[in-house]
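Letter by letter, the chains look like this.
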Amino acid sequence: MFEFAFKTSGLKYKKNPIYEMQDIKLIQATDIPKNATIGELVGPDFVGKLAISYQKDNIGRSSGNAQWCKVYDCKNGEYVYKGTAIHKCVDPEYTEQNYNEKLFSVFGNLFFDSNYVRIPDIDLVKDSDFSDKPAILSYNIVHREDIEGQNKEEMTNMQTVALSIIERQTLKYDRVPLSTILEAVKATVNKHVLNEKKAMKKKVENAIMNSQISKQLGENEQAMTDEQEKLVTLMKEKIDEIDESTTSKSLLLDLSKAMGREVTQEEVEDININGTNIMLILRNIKALVKNTNRNYKELEKSIVQVTVVDLMTNNIDRHLNNWALIMDKETGRYTLGLFDHATSFFNMSLKNDYLAISQKDLKEHWATSSVLRDNPIDIEKVSSNGLDVFRELMENYEPYVIEILQGIHDVLPTFEKAIGYETISDEEFKQLSEKNSKKYYRSETDIAIPTKKVMEGFNMKFKRIAKDYGLVFDDERIDDEYRD
């Protein structure tokens, strides 16, 4: 399956445009002269990105002096608004990590369905202090189009979600088990249903009260009968019990038992609350419950997806401030948002490994996971053993995991092509014009991302999975070391 970029010596590697660092002009919004035009800010010949900084990043714990900017694509006097993005400079301690942001963006946007999981697009731009290392623009994953003066969506990071069910003092290192994340997400998603049920009960109470006041004032034609008030009161008490299994038949049976007589559908449909048939109101609540349950199952699968992908890409830093729930304020539906992936592809992507963990340890135990195991010992730690987390996922979500692994397997050839390099021999390179020769790296050491190393990292994981579970998606990838 894998055709690695590095095959033999004596090759030249064509520069991959995805690693190109664009020119950028970063300007503080407070420094812009009044009524200045974009052309006046960048000049007529500028080609690159104009980033107007308007706010420090207050989401997560991003390094690199993270700041929110309005970004324009500029090309010789033409200017196109790209949207808002976080600009992050090079981290002096980890000067090449911003390449990982680009890698995860490419992989994530190939693998994840953006209807369920959103990944920022990434532009690599020149850094003011490190000319040969990229700063980044990480574009906003939240839609900010205004609807009658209000944002269309709102984002809640996972730490805030988790704090809805646990006490702050029990939250250590911004890391919790997967079960805690899922429980908190479920509670957050269900909050909309609880609020709607509460609001509907209040409307019913008001309708009963207004009916009783009308009777006292002698306005009986505007009031419900005593039987209707009794029936509506019973229906109000049933609102909290409505779920996907509730039917008109089951509701009428319950009401008939409580009333001591048969309650017909026609009788119920003759009752209106604020001009709306009460049976229709109850059906709408059932539909809301059904949609909410479906939305939670989508999120559950997406969260397992993200955890598996993080394990496969050695993302060692999926703490609670690096992902979030994004809610469409019009529909109430939630999607998952991911960001800040500078520490993904740990010891998979860059030429030099970090010495904190060896390739042998990665092969045996995988990189650590910020999503903890449901293990009392792990809960007291900063992270969990990656392979142990994978095993726990297989125990609890095996069908999800197998489907996810198949999906990863299927996109890897496209991913490899997207991040790799075309090659030509030295003999062919010598025949190129001076202009065309500049499109190639002069030396293998100049290559931004060693494609072979990235793909071998995935290969290593699939081999281990084949060894432990017999899940082989491509026999040609399984070395003799792991065959029976």
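Residues numbered from 1 in each chain as written. Predicted model: local features only at pLDDT ≥ 70, side-chain atom pairs only at ≥ 80, totals over all residues. Heavy atoms only, no water.

1. Brief notes about the side chain of Thr-180
This is how it is decided: A run of H or I in DSSP becomes a helix once it reaches four residues, and a run of E becomes a strand once it reaches two; helices and strands are each numbered from the N terminus. Under the scheme applied here, a residue whose accessible area is under 20% of the maximum for its type counts as buried, over 50% as exposed, and between as partly exposed, the area being computed with a 1.4 Å probe on protein chains only. Should any heavy atoms of two residues lie within 4.5 Å, those residues are considered in contact.
Along the chain, the position of Thr-180 falls in helix H4 (residues 178-216). Residue Thr-180 is classed as buried on the basis of its relative accessible area, which comes to 15%. The residues touching Thr-180, leaving out its near neighbours within four places in the chain, are Ile-165 and Ile-166.

2. Thoughts on the environment of Gln-55
As for its position among the elements, Gln-55 is in strand S3 (residues 47-56). Sequence spacing of Gln-55 and Gln-28 is 27 residues, and the spatial spacing of their C-alpha atoms is 9.0 Å. When near neighbours in sequence (up to four residues on either side) are disregarded, Gln-55 contacts Gln-67 and Trp-68.

3. Thoughts on the pattern of salt bridges
This is how it is decided: A pair is scored as a salt bridge if a Lys or Arg side-chain nitrogen falls within 4 Å of a carboxyl oxygen belonging to Asp or Glu.
The tally for this structure, following the rule as stated, stands at 29 salt bridges. Between Asp-426 and Lys-12 there is a salt bridge whose closest N-O contact spans 2.7 Å. Within this pair, whereas Asp-426 is found in helix H12 (residues 426-430), its partner Lys-12 is found in strand S1 (residues 11-14), the two being separated by 414 residues in sequence. Classification of Lys-12 as buried rests on a relative accessible area of 13%. The partner of Lys-201 in a salt bridge is Asp-240, with the nearest N and O atoms 2.8 Å apart. On the criterion of sequence distance, the pair formed by Lys-201 in helix H4 and Asp-240 in the loop between helix H5 (226-238) and helix H6 (248-259) is long-range, its members being 39 residues apart.

4. Some thoughts on the nonpolar core
Operational definition: Residues enter a nonpolar core if they are buried and are Ala, Val, Leu, Ile, Met, Phe, Trp, Tyr or Cys, with the set joined through side-chain atoms within 4.5 Å.
In this structure, Ile-408 and Phe-415 are the most contacted members of the largest nonpolar core, which totals 74 residues. Ranked by residues supplied to this core, first place goes to helix H11 (residues 386-419) with 15 residues. Beyond its immediate sequence surroundings of up to four residues, Ile-408 is in contact with Phe-107, Phe-111, Val-308, Val-309, Met-312, Phe-458 and Phe-462. Listed in part, the 27 residues of the second largest apolar core include Ala-207, Ile-281, Leu-288 and Val-289.

5. Digging into the sheet that holds strand S15 (residues 334-338)
What counts here: In short, DSSP must find at least two bridges between two strands for them to pair.
The mixed open sheet is built from four strands, whose spatial order is S6-S15-S14-S11. Strand pairing shows two members of the sheet lacking a second neighbour, strand S6 (117-118) and strand S11 (153-157), which therefore form its edges. In this sheet, S15 lies alongside strand S14 (residues 323-328) in antiparallel orientation, the contact comprising five bridges. Paired with Met-327 across the bridge in S15 is Tyr-334.

6. Focus on the sheet that holds strand S5 (residues 78-88)
Stated precisely, the cut-off is as follows: An axis is simply a line fitted to the C-alpha atoms; with a helix, the fit covers only the stretch in contact. Between two such axes, the angle follows the N-to-C directions and lies from 0 to 180 degrees.
Across the sheet, six strands lie side by side as S2-S3-S4-S5-S8-S7; this open sheet has mixed pairing. Two strands lie at the open edges of the sheet, namely strand S2 (24-28) and strand S7 (122-126), each paired on one side alone. The mean inter-strand angle of the sheet, taken between neighbouring strand axes irrespective of direction, is 35°. Taken together, the four bridges between S5 and strand S8 (residues 134-139) define a ladder with antiparallel strand orientation.

7. Focus: helix H8 (residues 278-312)
The line we're drawing: By definition here, a helix of n residues has an expected span of 1.5 Å times n minus one. As used in this structure description, the phrase polar contact means that two N or O atoms lie within 3.5 Å; if the pair is within protein, one of them must be able to donate a hydrogen and the other to accept it, and residues adjacent in sequence are counted only when both atoms belong to side chains.
Between the first and last C-alpha of H8 there are 51 Å, a value that for 35 residues agrees with the 51 Å anticipated at 1.5 Å per step. Between a side-chain oxygen at the N-terminus of H8 and the backbone nitrogen of Met-279 the separation is 2.9 Å; the capping residue is Asn-277.

8. Describing the packing of H5 against H6
Put simply, the test is: Reported orientations rely on four angle classes, namely roughly parallel under 35 degrees, roughly antiparallel over 145, roughly perpendicular from 65 to 115, and oblique for the rest. Crossing handedness follows the turn of the near helix against the far one: under a right angle anticlockwise gives a left-handed crossing, and clockwise gives a right-handed one. Each residue gets one label: Ala, Val, Leu, Ile, Met, Phe, Trp, Tyr, Cys and Pro are nonpolar, Asp, Glu, Lys and Arg are charged, and the others, such as Gly, are polar.
Contact geometry of H5 with H6 gives a least axis separation of 11 Å together with a crossing angle of 125°. Here H6 runs oblique to H5, going by the angle between their axes. You can see that H5 and H6 cross each other, and the crossing is right-handed. Only Leu-251, Asp-254, Leu-255, Ala-258 and Met-259 of H6 make contact with H5, whose side of the interface consists of Glu-227, Lys-230, Leu-231, Leu-234, Met-235 and Lys-238. Along the lines of polarity and charge, the residues of the contact of H5 with H6 split into seven nonpolar, no polar and four charged.

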